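Architecture at a glance
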Amino acid sequence: MTTDGKSVRFSTEQEHNELISIMSKFIDNGIPKVGIFWYDIANNSLFGTEKIDAEKVTFINGRATINKSPKTYWQKQHHRAVARNDASSIFYKESNYTMIPRGRIFLDETDNKFRVFVGHWLTEPTNGMNVDIEKFREALEDEFNLPADFEFVVDVHWDLGHGWSEEFFE
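Note that the structure is predicted; figures quoted are calculated from it, not measured.

What counts and what doesn't
Residues numbered from 1 in each chain as written. Predicted model: local features only at pLDDT ≥ 70, side-chain atom pairs only at ≥ 80, totals over all residues. Heavy atoms only, no water. Phe/Tyr/Trp six-rings, centres within 6.5 Å; stacked < 30°, edge-to-face > 60°. Helix = DSSP H or I, 4+ residues; strand = E, 2+ residues; numbered from the N terminus. Buried < 20%, exposed > 50% of the residue type's maximum accessible area, 1.4 Å probe, protein only. Lys NZ or Arg CZ within 6 Å of the ring centre and 35° of its normal. Contact = heavy atoms within 4.5 Å. Core = buried A, V, L, I, M, F, W, Y, C linked by side-chain atoms within 4.5 Å.

We now examine the packing of aromatic side chains. This structure, assessed with the given rule, holds 15 aromatic pairs. For the ring pair F106 and F117, a centre distance of 5.1 Å and an interplane angle of 75 degrees mean the geometry is edge-to-face. With F106 in strand β6 (residues 102-108) and F117 in strand β7 (residues 113-118), this pair connects stretches of sequence that are eleven residues apart. For the pair F106 and F117, a shared accessibility class is recorded, and that class is buried. What links up through ring pairs into an aromatic cluster is the set F37, Y39, W121, F136, F144, F150 and F152. In this structure, K51 is placed above the aromatic ring of F144, and the distance from its NZ or CZ to the ring centre is 5.7 Å. The ring of F150 has R137 sitting right over it, with the charged end atom 4.2 Å from the ring centre.

For the rest of this paragraph, the subject is unusual backbone geometry. One non-glycine residue, N44, adopts positive backbone phi at about 45 degrees. Examined against the element boundaries, N44 turns out to sit in the loop between β3 (33-40) and β4 (45-53). We note that N112 has phi near 55 degrees; this positive angle belongs to a residue other than glycine. Position of N112 relative to the elements: it lies in the loop between β6 and β7.

Relative to the elements of secondary structure, T126 occurs in the loop between β7 and α4 (133-144). Excluding residues within four positions of it along the chain, T126 makes contact with I41, W121 and L160.

Before going further, it helps to examine the nonpolar core. Core analysis: the biggest nonpolar cluster contains 23 residues, and F37, I105, V116, F136 and L140 have the highest contact counts within it. I36, W38, F47 and W74 belong to the second-largest nonpolar core, a separate cluster that totals ten residues.

Spatial relationships are all this shows, so hold off on functional conclusions.
Next comes the structure, spelled out in structure tokens:
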């Protein structure tokens, strides 16, 4: 079949079944994950999430997390948004990844407990808004398949404006 001189083909039953089999591997497996994220307080939504099954990570000094850097991730997304002139993207508008609430999920080897490291924005108003901790907790449980007993840890590294910019001052 052709449309405007371009070929259109319909998949065979075998192709269809093969593609369904391939795509079924992408369905969430329900395994808890570790990773990084940014958080939109106003909409109670996570974005920029990068995650990996907790059972696949390597422990270093008793903790495990994804081997991705929020700084690198944000820079790539920022450059992509600028190249596309996508002025509606948060990545276009903000070039500094530390100016948006963010966090990282670790798994602790000693007690097999998940810990979500965030900044003081969790407990202090940010841009005039307070985090609804229960809704935030639910969003994390859903996105990362975390057990309900995970805990938050507030650390200055994840405060707004903090991050690897501090590395040169130590």
